[in-house]
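# Residue-level structural notes
Here's the letter readout for the chains.
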Amino acid sequence: MNAVADKMLFDSAASVQASVGRQLGETEWMQITQERINQFADATGDHQWIHVDPEQARNGPFGACVAHGYLTLSLANLFLPQLVSYQGLKMGVNYGCEKVRFPAPVLVNSFVRGSGEVVAATPIGEDGVQVTIRITVQVRNQDKPGCVVETISRLFFIREN
């Protein structure tokens, strides 16, 4: 495994297994706009006023619109390839998630970024590995993150002869 352009590079199942406990760094900050929240509401059919009605949300429990929890969770899929890259990967699939939590709301126009840590890696056959990577969605100027999720992926590398 090598750090390349601030990404962790994995080139084999063994390199993934050797990375357990390793911090993967942080992504760039990105803004959670009302447009992004509205697009997520349209995609999911969740148009609850705390997400899409700025006027009503101003008088609500958060003082502004908030991103959907599942929108915040979905950012793990955006951040993960910014933290890791693969060489010689034959196939990778999302296998699931563990321990999803939303410790703090993500207010509209907040800036968020992802950080990662490899928490587990289990071999699958001779050329595969199931890896668990904890993604934390940090919110600028907040002590608590917007989301913490353990993503599980199954990776299969090209076998070297």
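Note that this is a predicted model, so its numbers are computed, not measured.

All right, on to the pattern of salt bridges then. Pairing is possible between side chains that carry opposite charge, provided their charged atoms lie close to one another. What the rule picks out here adds up to 4 salt bridges. Measuring nitrogen to oxygen at the nearest pair gives 3.0 Å for the salt bridge that ties aspartate 127 to lysine 90. Separated by 37 residues along the polypeptide, aspartate 127 in the loop between β7 (111-124) and β8 (128-139) and lysine 90 in strand β6 (residues 89-101) bring together distant segments of the chain. Within the structure, one salt-bridge network assembled from shared partners comprises Glu117, Arg134 and Glu150.

Moving on, we come to the UniProt feature "domain: MaoC-like" (unreviewed entry) in the protein. As annotated by UniProt and renumbered to match this structure, "domain: MaoC-like" (unreviewed entry) occupies residues 17-134. Helix and strand shares over residues 17-134 are 31% and 36% respectively, and the end C-alpha atoms of the span are 15 Å apart.

Let's shift gears to the side chain of glutamate 150. When you line up the elements, glutamate 150 lands in strand β9 (residues 147-157). Only 3.1 Å separates the side chain of glutamate 150 from the side chain of arginine 134, close enough to count as a polar contact.

So, on to helix α5 (residues 69-83). One full turn of an α-helix is made of 3.6 residues, so residues set three or four places apart face in the same direction. With 15 residues, α5 extends 22 Å from end C-alpha to end C-alpha; this agrees with the ideal 21 Å at 1.5 Å per step. All of the buried residues along α5 are Leu71, Thr72, Leu73, Leu75, Ala76, Phe79, Leu80 and Leu83.

Right, let's get into the packing of aromatic side chains. According to the stated counting rule, one finds 3 aromatic pairs in the structure shown. Pairing tyrosine 70 with phenylalanine 102 gives two aromatic rings, centres 6.2 Å apart and planes at 85°, and the pair type is edge-to-face. With tyrosine 70 in helix α5 and phenylalanine 102 in the loop between β6 and β7, this pair connects stretches of sequence that are 32 residues apart. Tyrosine 70 gets classed as exposed once you look at its relative accessible area, which sits at 58%. Using a relative accessible area of 38% as the deciding quantity, one classes phenylalanine 102 as partly exposed. Among the aromatic residues, those joined into a cluster by ring pairs are Phe10, Tyr86 and Phe157. One Lys or Arg, arginine 140, reaches over the ring of phenylalanine 111 and ends 4.8 Å from the middle of that ring.

Right, let's get into unusual backbone geometry. In this model, asparagine 109 sits at a positive phi of 70°, which is unusual for a non-glycine residue. Phi angles above zero are rare outside glycine, and asparagine 141 is one such case at about 65°. Tracing the backbone through its elements, the reader meets asparagine 141 in the loop between β8 and β9.

Turning to the state of the cysteines, a few remarks are in order. This structure, assessed with the given rule, holds 0 disulfides. Distance from the sulfur of cysteine 65, which forms no disulfide, to the nearest cysteine sulfur (cysteine 147) is 20 Å. Unpaired in terms of disulfides, cysteine 97 finds its nearest cysteine sulfur in cysteine 147, a separation of 8.5 Å.

Generally speaking, soluble globular proteins have nonpolar side chains that are buried together. Counting residues in each nonpolar core, the largest one holds 35 residues, and the members touching the most others are Val16, Ile32, Val84, Val112 and Ile133. Breaking this core down by element, the ones donating at least two residues are β2 (7-10), α1 (13-17), α2 (34-44), α5, β7, β8 and β9. By residue number, the principal contributor to this core is α5, which donates 7 residues. Residues in contact with isoleucine 32, not counting those within four places in the same chain, are Ile37, Ala67, Leu75, Val106, Leu107, Val108, Asn109, Ser110 and Val112.

Let us look at α2. Gln34, Ile37, Phe40 and Ala41 are the residues of α2 that are buried. For α2, the angular spread of buried residues about the axis comes to 125°, placing them on one side. Facing away from the buried surface of α2 by more than 90 degrees, the exposed residues are Glu35, Asp42 and Ala43. Immediately downstream of α2, the backbone of glycine 45 shows phi near 80°, a positive value.

Definitions and limits used
Residues numbered from 1 in each chain as written. Predicted model: local features only at pLDDT ≥ 70, side-chain atom pairs only at ≥ 80, totals over all residues. Heavy atoms only, no water. Salt bridge = Lys/Arg side-chain N within 4 Å of Asp/Glu carboxyl O. Helix = DSSP H or I, 4+ residues; strand = E, 2+ residues; numbered from the N terminus. UniProt positions renumbered as here; feature names shortened; annotations may be inferred. Polar contact = N/O pair within 3.5 Å; in protein donor to acceptor, adjacent residues only side chain to side chain. Expected span 1.5 Å × (residues − 1). Buried < 20%, exposed > 50% of the residue type's maximum accessible area, 1.4 Å probe, protein only. Phe/Tyr/Trp six-rings, centres within 6.5 Å; stacked < 30°, edge-to-face > 60°. Lys NZ or Arg CZ within 6 Å of the ring centre and 35° of its normal. Disulfide = S-S within 2.5 Å. Core = buried A, V, L, I, M, F, W, Y, C linked by side-chain atoms within 4.5 Å. Contact = heavy atoms within 4.5 Å. Arc of directions from axis to C-beta.

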